[in-house]
Structure formats: C-alpha cells, structure tokens
Amino acid sequence: MIIPHFTLNDFLPVMPVGVLMAAAIVLMLSEVFLTSTTRTYQAIIAALASIVAGGIAVNNAFEPARLVLQGYAVLDPFSSWTTAMVCLGTFLAVLLSAGFLKHRNAERGEFYALMLFAAAGMSLLSLSAEFITLFINLEVLSVATYALTAFLRRGPRPSEAGFKYFILGAFAAALLLYGAALIYGATGATKLVEVSAALPAAFAKSPALVYAGLGLVLAGFAFKVAAVPFHMWTPDVYEGAPTPVTALMSAGVKAAAFVAMVRTFLFLVKGIDPVIPFTVFSLLALLTMVGGNLLALPQRNVKRMLAYSSIAHAGYMLLGVAALFAPKLVEAGAKVGVLTATPLTGTAQDVSVAVYKGLLFYILGYTVTSLGAFGTISALERREDETRGNTWDLERFAGLAQRKPGWAAAMALFMLSLGGVPPTVGFLGKLFLFSAAVDAGLLGLAIVGVLSSVIGVYFYLRVVVYMFMRPAPIDAPAPFRHWTTELALVTSAVLVVGLGILPGTITEWFSRVGMVFGH
Amino acid sequence: MNAEQVLFWLFSVCTLVAASGVIFARNPVASAMSLVATFFFLSGIYVLLWAHTIAALQVLVYAGAIMVLFLFVIMLLSLTDSGPVLHFTPSRIAGGVAVIALFVSLTAVFRKLPTAELTWVGDAAKLKNFGTIQHLGEVMYTQWLFPFEAVSLLLLVAILGAVVVAKPRI
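In this text the structure is predicted, and so the values were computed from the model without any measurement.

## Observations concerning the overall build of chain A
Here is step 1 of the chain: Within chain A one finds 19 helices and two strands.
Here is step 2 of the chain: Scaling as 2.2 N^0.38, a compact globule of 519 residues should have a C-alpha radius of gyration of about 24 Å, and chain A matches this with 22 Å.
Here is step 3 of the chain: C-alpha extents for chain A along the principal axes are approximately 70 × 60 × 40 Å.
Here is step 4 of the chain: Burial analysis of chain A (519 residues in total) assigns 64% to the buried set.
Here is step 5 of the chain: In chain A, the share of contacts with a sequence separation of at least 24, taken over all contacts with a separation of at least 6, comes to 82%.

And the structure:
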C-alpha cells in the first residue's frame, strides 16, 4: 500500500474552495442556531467569504503551472483566474440577492450557502484534471444551481424551470460520463495527462470508440455552456430562476464549464486529425453566434432576451476556442471561407497566448456586465407580478430615465457593454477574441462574429430606446431600494467602464506564458 | 463452454428479461419487482468480474434500500390503470428511431473492439485481493482520495438542495 504524501503546496489550489465551503457551512448552521429577523448579515458573511477566496485565487495565479493532489487537480493561472472571476461573480450575486430576497421576505441562510457551494463547484470544475473528479465537481455545481433555480416557487415558472434544468442537466452529465467511460475503455486512463499520452495508440487501434467518447464528452460540455444546438433549456431556465441566480448562472457556471471544456479538449485532441476538432468548434461557434443573436431578436421579454444573448456570448467565446484549435500550418493560397483557416501571412502564428487572454478577459467582462444587467432587472421586478409573467416586458423599462436616471444610465451602460460598444469592457473583450481569431486565420468566422454582434446591438439598444425615449406607463414600477443591491450595481458599473478604459495590468497578467498546464 | 461462461449467459439473459419486465409490466408493483430481479442478476455479473464488494453493495443498497423507496413512492402515488400505454405519437416514434440509431451505432463501436481474449496481466497476489473490501478501501483512501472527498461535498450539497426544494414555500 502506498500512503500518499501531501504537502501544503498540494492544497494551494483548493484553498479558495475551502474558504467558500467553510462559510457555506457557517451560513447553513446560522439558520439553525440564530433566529434573528434581519438576515442581511448572511449576505455580508457570504460576500466576505467570496472576497477572501478571490484574494487567495489571485495570489495563486502567480504560481507556476503544475499538477497537484496526485494528479487530480492542476494549479495553473488559467484555473486560478477563473476561480477569482467566479468569486467576483458570486460576490456581486450575493449582494444582489440580499435586496432581492429581503423584498420577497425570503432571506434564508440556505440560499447563500447554496450559492457559495455552487461557487466552490465552479472553482473545482475549473481545476479538475481527471474525468471522475471533473464529473463530481460538475455535479456539485449543477446540484447547487438546480436547487437555487427552484428556490422561490411562486407561480408555475420556477418549478418548471427547476425541473427542466434538473432533467436536462442530468442528461447532459450522463452524456459526459458515458463519453468519459468510452475514452477510459479506449485508453485505460482517467487522468487527462495519461489519457492524452495513451490517445494516439488508442486512436490507431479503435478510432470509432474514441470518436464516440469525444463526441459524447463534447455534447455534455456543449449543454453546460449552452451552445447551439444544445441551448433549448437556457431561455426557460434563465427566465424561471430567481434573477440573481440567473446572473450567477450566466456568468460563473458558463465560465467554469468553458474553462473545463478548453482544458479537457487540449488534452483530448492528441493523435487526431487537427482538422476535426477545429471544424467541430468552428461549426459550434458559427451556429451559436448566429443562432443566439437571431433568437434574441424578437424577444420583448428583457430577461428572456438576456438569456438568448448569453447564448450568443458563448458563441463568441467558442470562436476563441476554435482559434485555439486552428491548424498551425496551412498551405498558402488555400481558399478563404467561413470555416477554413487561412492565415493572412501563410503560416499561422501560435495564438494560444492571445486566445487565453481573450477568453479570460471576455469572461471577466461578461461577468461584471451580465451581473449588472440582471441585477438592474431584478431591482425592477415587482413581487405581485411574478405569477403573471409580464414582469420583464420592455414596457416596464419605458420612461425609466425620467423616473430614475441613475438606474437607466447603469442599465444603458450594461446594454452597451453587452453590445460591444467602446469604451466598455464588452468592447475590449470582443476586440481581444476577434483579433486572436483573425491572427489564427479565422477571418471568415470573425467577420460572421462581428456581423452577428451588430444584430445584437439592435436588441440591446432597443432597451435603451425604451428607457430614454418612451413615456412611462402609469403603473410603472419603482426599483426597490437596498444598499447591497446599489453597492453591487455601482461596483459592476465602475468595473465595466474602468476595465474598458484601463485594462492595464490585468491584460498583462492574463497574457503570461504558461497559462494552462501542459501547454 | 466452461462454468464461468454458463453463469455469464445465465445472468445476462436473466438481467435482460427482468429489465424488459420493468418496462413492459402493466402493474407498477410488478415493474418494481422486476427491477429487484434485474439488480440481483446484475450483481451476479459483478461477481463474475471479481467485483465482490460491488456485488454485495448492489444487493444491499439497490435491491434493498432503494427498492423500498420505489415501493413507498408507488404506494403513496396509488397509481391507477390509465388505459393502454402503447399508442404512437410523433415524439414516441422519433424516440424509438433514436433508440434504434443509438443501438446500431453502439453495436458498430463494440464490433470494432479488439476480439482477442482478455488475459489477466496482474500477479497472483493482486488477483487474490482484487475486488475485496480491503483492496477497495486501500485504493479509495490512497489513490482516489481527492475524488472521494469531492463526493462528500456533493452529498452535502445534494442534501441541502433537497431540503430547500422540499420546503413547501419560501
């Protein structure tokens, strides 16, 4: 029997998770032992825990990339930055929830505990380096979000959303597990490093088995990141969930699933014709960018529109992933097409550093923008309309600029950032990702991306037009006031503009070499 | 055909027959009882794979505890016979086609697998231990420590989630 030997070093990457879990357990127990009527302290505990966890993660991000915990986890800047951004998203979502739940008389320690557990799951997912660990951590994150989705069950929508999310999420997780089992059957390993070493031989021996496994793993991830054609659940679930939870799902869950997908597939494409992963990811990116934006176009329900828009944003991130897998050597004179990689200079440069920087910056930008946008919506929701379902209609935003200019200005800022208008963080994120894609030779796809984001500007600006140019209806709702909600929105707005004007050292941190373990 | 093969065919045919019973039985209790039979025969296959502990756990946990839960649910729902279930709607036909397509593709995948007989490559001492609780415990608490701890987090989250969702109204 070999007794494993751990040093403190091994536990560095899971320290943020430890902080989040400890705070979650304290919150869970606080509901049992403390019977105070005001529960804002719970939100403050949760927010402080996410700040501490985020700080540890930022500190970890400057460690050299390596395998830890017997090869089940990695410590690399990619996962550490993701953890830090997940903590930022959780911090904002917790603050938004405090006002939201208080307004509905539904503040409970369990809610914040589940949010912190979900954040812990996201962080663990981003650093998993082994299939079984990956699956378990994906389930930690999913189970917590299923419960959060069905937390407030007023009217039929939340129950429907929770159930739909549970069934489809379980289905997606089963696909992923099935794929991992087939890959284990082909390679005899579950650790990604060992799988990648054994894949070329396995691919030569039984290609069908490997293809089936890779396809199922990809389908499982595509469900989680809501890529077209695996996006069907997104609008219903995002609409039915409590709005701060939707915000956390659109930012954190998606970011963690993306990072896990990139990490897994960097290991899984060994020994396979490089054209295949490139084509698959390009097709997914194309469908998701165009599909998400076109589906968002007719929506009058702002929350549903943001759900479709989050699909479109997943498409832009997939564009970056496709650039990562673009073939490095292409014959000069090959045709320029939507899916073909034709570098402008003949041979493609290695764009991986630019792609990692683009992906991380995009995730950061989308986190602050999406939290802000969903946060503004959550403040405008009216409790008595929850069962009627027109809570999020565009009309509700009419004339907001005259009634509450500050709120309207913040919402306009978030909409512009989602649309990718300078000087916001949304613009810079798109710029980094699209320029990386062009450098990798994906000129056609990048053009499609820019065009589809122009479609996006239409429905984002429609909200701004309603707020600033339409008269307010008589029964227009006033946003509820709670200092935590206002703090969260001000923080998001400051970050959206601040990062858009002065990305500064953050882009330098995101573009260091040795970002992802093993690459 | 040696004894192991006889047992394998016995268990696998019985598993399939019992599993079909789960789907085709009209009476929900009969369906649940077929599921118990499926679990029992499946645990026989686990024994043939040297996974004695898994086989014992299968009988204890699935055929024992989980089936009791199933029966409780059936009892509480007090299901009545709601007419024939076998009529064709477009979604059911599509589902059937998908099942057949999945079966065909899986068959294609498994036909590509190497056909050479599998031989035991480990040493005799390992063979003696393999599948025992001691071996399982050693592997789980030394080699698979991190996933094992992750599962405990998952269980905690699942319990908390179940409590939250089961509350009548928040």
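## A closer look at the overall build of chain B
Here is step 1 of the chain: In terms of regular secondary structure, chain B is built from seven helices and zero strands.
Here is step 2 of the chain: Of the regular secondary structure in chain B, the N- to C-terminal order runs α-α-α-α-α-α-α.
Here is step 3 of the chain: Counting all 170 residues of chain B, 22% fall into the buried class.
Here is step 4 of the chain: Of all intrachain contacts in chain B linking residues separated by at least 6 positions in sequence, the fraction that spans at least 24 positions is 56%.
Here is step 5 of the chain: For chain B, the accessible area works out to roughly 12,100 Å², and carbon and sulfur atoms hold 76% of it.

## Description of the domain arrangement of chain B
Here is step 1 of the chain: Parsing chain B into structural domains produces domain 1 (1-81) and domain 2 (132-170).
Here is step 2 of the chain: The C-alpha-based centres of domain 1 of chain B and domain 2 of chain B are spaced at 24 Å.

## Some details on the nonpolar core
Here is step 1 of the chain: Membership of the largest hydrophobic core comes to 209 residues, with the highest contact counts inside it found for Phe265 and Met415 of chain A.
Here is step 2 of the chain: For this core, the leading source of residues is helix H10 (residues 243-268) of chain A, giving 18 residues.
Here is step 3 of the chain: Once residues lying within four places of it in the same chain are set aside, the contact partners of Met415 of chain A are Met305, Leu306, Ala373, Tyr460, Val463 and Val464 of chain A.
Here is step 4 of the chain: The next biggest cluster of nonpolar side chains, apart from the first, holds seven residues, and it includes Leu35, Ala63, Met67 and Ile74 of chain B.

## Topic: the interface of chain A and chain B
Here is step 1 of the chain: Counting residues at the interface gives 41 residues for chain A and 27 residues for chain B.
Here is step 2 of the chain: Both sides together, the interface formed by chain A and chain B hides about 3,100 Å², and carbon and sulfur atoms give 78% of it.
Here is step 3 of the chain: Its largest share of buried area at the contact with chain B, chain A owes to Tyr72, Ile136 and Arg153 of chain A, together 19% of the area lost on that side.
Here is step 4 of the chain: Inspection of the region where chain A meets chain B yields one salt bridge.
Here is step 5 of the chain: At the surface where chain A touches chain B, the tally comes to five residue pairs in polar contact (both at pLDDT 80 or more).
Here is step 6 of the chain: Put simply, the parts of the chain that give the side of chain A that touches chain B at least two residues each are helix H1 (15-33), helix H4 (109-127), helix H5 (131-149) and helix H8 (207-225) of chain A.
Here is step 7 of the chain: Here the element with the most residues in the side of chain A that touches chain B is H5 of chain A; it accounts for nine residues.
Here is step 8 of the chain: For the side of chain A that touches chain B, a count of residues per class yields 29 nonpolar, five polar and seven charged.

## Remarks on the environment of Gly441 of chain A
Here is step 1 of the chain: The topology assignment puts Gly441 of chain A in the loop between helix H16 (425-439) and helix H17 (443-469).
Here is step 2 of the chain: C-alpha of Gly441 of chain A to C-alpha of Val351 of chain A: the two residues are 90 residues apart in sequence and 9.9 Å apart in space.

## A closer look at helix H9 (residues 233-240) of chain A
All names here are of chain A.
Here is step 1 of the chain: Of all the eight residues making up H9, seven are buried; the element is thus mostly covered by neighbouring parts of the structure.
Here is step 2 of the chain: By the burial criterion, the buried members of H9 are Trp233, Thr234, Pro235, Val237, Tyr238, Glu239 and Gly240.
Here is step 3 of the chain: Against the buried residues of H9 lie H5, helix H6 (156-187), H8, H10 and helix H12 (302-324).

## Notes on the pattern of salt bridges
All names here are of chain A.
Here is step 1 of the chain: What the rule picks out here adds up to 14 salt bridges over all chains.
Here is step 2 of the chain: The shortest N-O distance in the salt bridge between Arg300 and Asp393 comes to 3.5 Å. Remark: Asp393 occurs in the loop between helix H13 (352-380) and helix H14 (400-403) and Arg300 occurs in the loop between helix H11 (275-296) and H12; sequence separation between them is 93 residues.
Here is step 3 of the chain: Assessed through its relative accessible area of 35%, Arg300 is described here as partly exposed.
Here is step 4 of the chain: A residue is classified by how much of its surface remains accessible, and Asp393, at 22% relative accessible area, is partly exposed.
Here is step 5 of the chain: One salt-bridge network, held together by shared partners, links Arg157, Glu160, Lys164, Asp236, Glu239 and Arg304.

## Details of H8 of chain A
Here is step 1 of the chain: The terminal C-alpha atoms of H8 of chain A lie 27 Å apart, and with 19 residues this matches the ideal 27 Å at 1.5 Å per residue to within 8%.
Here is step 2 of the chain: Phi for Ala226 of chain A, located one or two positions after H8 of chain A, is positive at around 60°.

## Notes on a nonpolar patch on the surface
Residue and element names in this part refer to chain B.
Here is step 1 of the chain: A contiguous nonpolar surface patch, about 640 Å² in accessible area, is contributed by Met1, Val6, Phe8, Trp9, Val13 and Val17.
Here is step 2 of the chain: Tracing the sequence through the fold places Val17 in helix H1 (residues 3-24).
Here is step 3 of the chain: Assessed through its relative accessible area of 56%, Val17 is described here as exposed.

## Overview of the packing of H5 of chain A against helix H7 (residues 145-166) of chain B
Here is step 1 of the chain: For the pair H5 of chain A and H7 of chain B, interaxial distance at closest approach is 9 Å and the crossing angle is 15°. Comparing the axis directions of H5 of chain A and H7 of chain B gives the class roughly parallel. Judged by the sense of rotation from one axis to the other, the crossing of H5 of chain A with H7 of chain B is left-handed. Only Phe146, Pro147, Ala150, Val151, Leu153, Leu154, Val157, Ala158, Gly161, Val164 and Val165 of chain B of H7 of chain B make contact with H5 of chain A, whose side of the interface consists of Ile132, Thr133, Ile136, Asn137, Glu139, Val140, Val143, Ala144 and Ala147 of chain A.

## Thoughts on the side chain of Thr190 of chain A
Here is step 1 of the chain: Among the structural elements, Thr190 of chain A can be located in the loop between H6 and helix H7 (192-205).
Here is step 2 of the chain: For Thr190 of chain A, a relative accessible area of 14% corresponds to the buried category.
Here is step 3 of the chain: In this structure the side chain of Thr190 of chain A is engaged in a polar contact, spanning 2.6 Å, whose partner is the side chain of Glu130 of chain A.
Here is step 4 of the chain: In this view, Thr190 of chain A contacts Glu130, Phe131, Ile132, Tyr184 and Val195 of chain A together with Trp144 of chain B; residues no more than four positions away in its chain are not counted.

What counts and how
Residues numbered from 1 in each chain as written. Chains lettered and ligands numbered in written order. Predicted model: local features only at pLDDT ≥ 70, side-chain atom pairs only at ≥ 80, totals over all residues. Heavy atoms only, no water. Helix = DSSP H or I, 4+ residues; strand = E, 2+ residues; numbered from the N terminus. Rg over C-alpha atoms; globule rule 2.2 N^0.38 Å. Buried < 20%, exposed > 50% of the residue type's maximum accessible area, 1.4 Å probe, protein only. Contact = heavy atoms within 4.5 Å. Areas by Shrake-Rupley, 256 points an atom, 1.4 Å probe, with all protein chains shown as cover. Domains from an automatic or database assignment. Core = buried A, V, L, I, M, F, W, Y, C linked by side-chain atoms within 4.5 Å. Buried area = accessible area lost by both parts, 1.4 Å probe. Salt bridge = Lys/Arg side-chain N within 4 Å of Asp/Glu carboxyl O. Polar contact = N/O pair within 3.5 Å; in protein donor to acceptor, adjacent residues only side chain to side chain. Nonpolar A, V, L, I, M, F, W, Y, C, P; charged D, E, K, R; others polar. Expected span 1.5 Å × (residues − 1). Patch = residues over 30% accessible without salt bridge, like charges linked within 9 Å, V, L, I, M, F, W, Y side chains within 5 Å. Axes fitted to C-alpha atoms, helices over the stretch in contact; angles between N-to-C directions. Parallel < 35°, antiparallel > 145°, perpendicular 65-115°, else oblique. Left-handed = near helix turned anticlockwise from the far one by under 90°.

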